[in-house]
Amino acid sequence: ETLSYMEPRIVQSITKVALNPDLDHYSGPTIKGHCWPDGVICFNDDEAVRYKTIWHEAAHAYYFSLGRPGIFGYRFYLFTLAWFFTAGTVYNEPTARQTFPANGLLTDYSTTNVAEDIAEFTEGVYAYKAGRTDSVLRKLKDSGELDKDPRYAQKLQLLAKYGFISQELCDEILR
């Protein structure tokens, strides 16, 4: 049901979903899941398989698929480069005193790296589409803050251009 909100090409990029409760499998005890470059998504327990985690990890699967058969494929490279240029120097920055959304980022986890920013943004779009009241993008739009930093619109347009979301959904959020 959760995947039904997503573009079919994202769902098709997922090659396998596995529940793996072995915490040593993950990079830390608080990690809910991860996605391998081949599109295999692992979740650490049944509790973790929630809409946000699914959308987030599915975004990673699709992002990786842009580069198949090699991780540095043409579309992968172009999309990553465009996202970097749009985001600016926001990754790996200290966030202890910062509240999010800010600086074109939706969450503090978005500051980790470009792949996490893309996944957090994609997750945010599908939370918006699903009508979630906790949708950061909906809150930004309703408050008028979405228009104050052009990076939000530019990232939405990149997600639409590269197939993470439909152009119609992009336009709806930006209206």
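Everything that follows concerns the structure shown earlier in this document.
Residues numbered from 1 in each chain as written. Predicted model: local features only at pLDDT ≥ 70, side-chain atom pairs only at ≥ 80, totals over all residues. Heavy atoms only, no water.

Peer 1: What is the right way to look at the pattern of salt bridges in this model?
Peer 2: Should their charged atoms come close, side chains of opposite charge can pair. Under the criterion given, the structure shown has five salt bridges. A salt bridge links Lys 52 to Asp 134; the nearest nitrogen and oxygen atoms lie 3.5 Å apart. A residue pair is termed long-range when its members are at least 10 positions apart, and Lys 52 in helix α2 (residues 51–65) and Asp 134 in the loop between α4 (114–129) and α5 (136–143) qualify at 82 residues. Lys 52 sits in the partly exposed class, given a relative accessible area of 31%. A salt bridge links Arg 151 to Asp 149; the shortest N-O distance between them is 2.9 Å. Look at Asp 149 and you get buried, because its relative accessible area is 14%. (Salt bridge = Lys/Arg side-chain N within 4 Å of Asp/Glu carboxyl O. Helix = DSSP H or I, 4+ residues; strand = E, 2+ residues; numbered from the N terminus. Buried < 20%, exposed > 50% of the residue type's maximum accessible area, 1.4 Å probe, protein only.)

Peer 1: Just checking my understanding: could you explain a nonpolar patch on the surface for this structure?
Peer 2: A cluster of nonpolar side chains, contributed by Tyr 74, Tyr 77, Leu 78, Leu 81 and Phe 85, occupies part of the molecular surface with about 570 Å² of accessible area. With respect to the helices and strands, the residue Leu 81 is situated in helix α3 (residues 74–87). The partly exposed category is assigned to Leu 81, whose relative accessible area is 32%. (Patch = residues over 30% accessible without salt bridge, like charges linked within 9 Å, V, L, I, M, F, W, Y side chains within 5 Å. Areas by Shrake-Rupley, 256 points an atom, 1.4 Å probe, with all protein chains shown as cover.)

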